[in-house]
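Take a look at the letters that make up each chain.
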Amino acid sequence: MTHYPYIFTINRQLLSVNLGYYEAERGKPQQVAVDLRLYFTRAPECAATDQAPFIDYGILCQSMKDFIVAKEFSLIEHLATELFKLTRGILQAHCTDDIKLWLRLTKITTPIAQLADGASYIVSDLPAGASFPPAQ
């Protein structure tokens, strides 16, 4: 079982997206929140020195924002999977470390009044049985 003791998180990046199964719902932008966790088996170089290569989370966030511009999505599951693939591609292009990715997409407001905190979908490539400290 692989242990991932180092975690970098991006918390609640708010994006405005045309999202919804029904056309009327998709017709107006609504807010979603994206949470990312990057899992490392060993500390990245930038943990030891300020001059080391690092993951520019500004690029990750801007890439997601750019990806959804002028697009419509019916399902949070599909949008989450597309954002996961986009982020995975950026990480593979810029990092040599084996980094595992966890992404949660939350539709903050839904047409269902009883859902106080919306609805979420999680995509991850952590191996089954991986251990890691819980991210807050």
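Note on numbering: residues in each chain are counted from 1, in written sequence order. The model is predicted, so local features are restricted to residues of pLDDT at least 70 and side-chain atom pairs to those at 80 or more, both for listing and for counting; the totals for chains, interfaces and linings are taken over all residues. Side-chain metrics in this entry use all non-hydrogen atoms of the structure; hydrogen atoms and water are not considered.

### Notes on helix H3 (residues 76–94)
- Strands are runs of DSSP state E lasting at least 2 residues, helices are runs of H or I lasting at least 4, and numbering of each runs from the N terminus. The span you would expect from a helix comes to 1.5 Å times its residue count less one. Taking 1.5 Å per residue, 19 residues should reach 27 Å; H3 reaches 27 Å between its end C-alpha atoms and fits that length.
- The classification of residues rests on relative accessible area computed with a 1.4 Å probe and restricted to protein chains. Under 20% of the type maximum is buried, over 50% is exposed, and intermediate values are partly exposed. Looking only at H3, the buried set comprises Ile76, Leu79, Ala80, Glu82, Leu83, Phe84, Thr87, Arg88, Ile90 and Leu91.
- By definition, residues are in contact when any of their heavy atoms lie within 4.5 Å. For H3, the secondary structure elements touched by its buried residues are strand S1 (6–19), strand S2 (30–40), helix H2 (57–68), strand S3 (72–73), strand S4 (99–107) and strand S5 (119–124).

### Observations concerning the layout of surface pockets
- Every definition here rests on a 1 Å grid over the protein atoms only: cavities are sets of points where a 1.4 Å probe fits but cannot get out, pockets are open sets enclosed by protein on both sides within 12 Å along at least five of seven lines, and lining residues have some atom within 4 Å of a point. Grid points are joined across faces, edges and corners, and a volume is the space filled by probe spheres set on the points. Considered as a void within the structure, the largest pocket measures approximately 480 Å³ in volume.
- In terms of lining residues, the largest pocket is bounded by 23 residues, among which Pro53, Phe54, Ile55, His94 and Cys95 are the most central.
- Three categories are distinguished: nonpolar for Ala, Val, Leu, Ile, Met, Phe, Trp, Tyr, Cys and Pro, charged for Asp, Glu, Lys and Arg, and polar for the others, with Gly belonging to the last. Residue classes in the lining of the largest pocket are distributed as 17 nonpolar, two polar and four charged.
- Forming the walls of the second largest pocket are Tyr21, Glu25, Ser74, Leu75, Ile76, Glu77, Lys107, Thr110, Pro111, Ile112 and Ala119.

### Concerning unusual backbone geometry
- In this structure, Arg12 is a non-glycine residue whose phi angle is positive, near 50°.
- One non-glycine residue, Ala70, adopts positive backbone phi at about 60°.
- Residue placement: Ala70 occurs in the loop between H2 and S3.

By themselves, these figures tell us nothing about what the structure is for.
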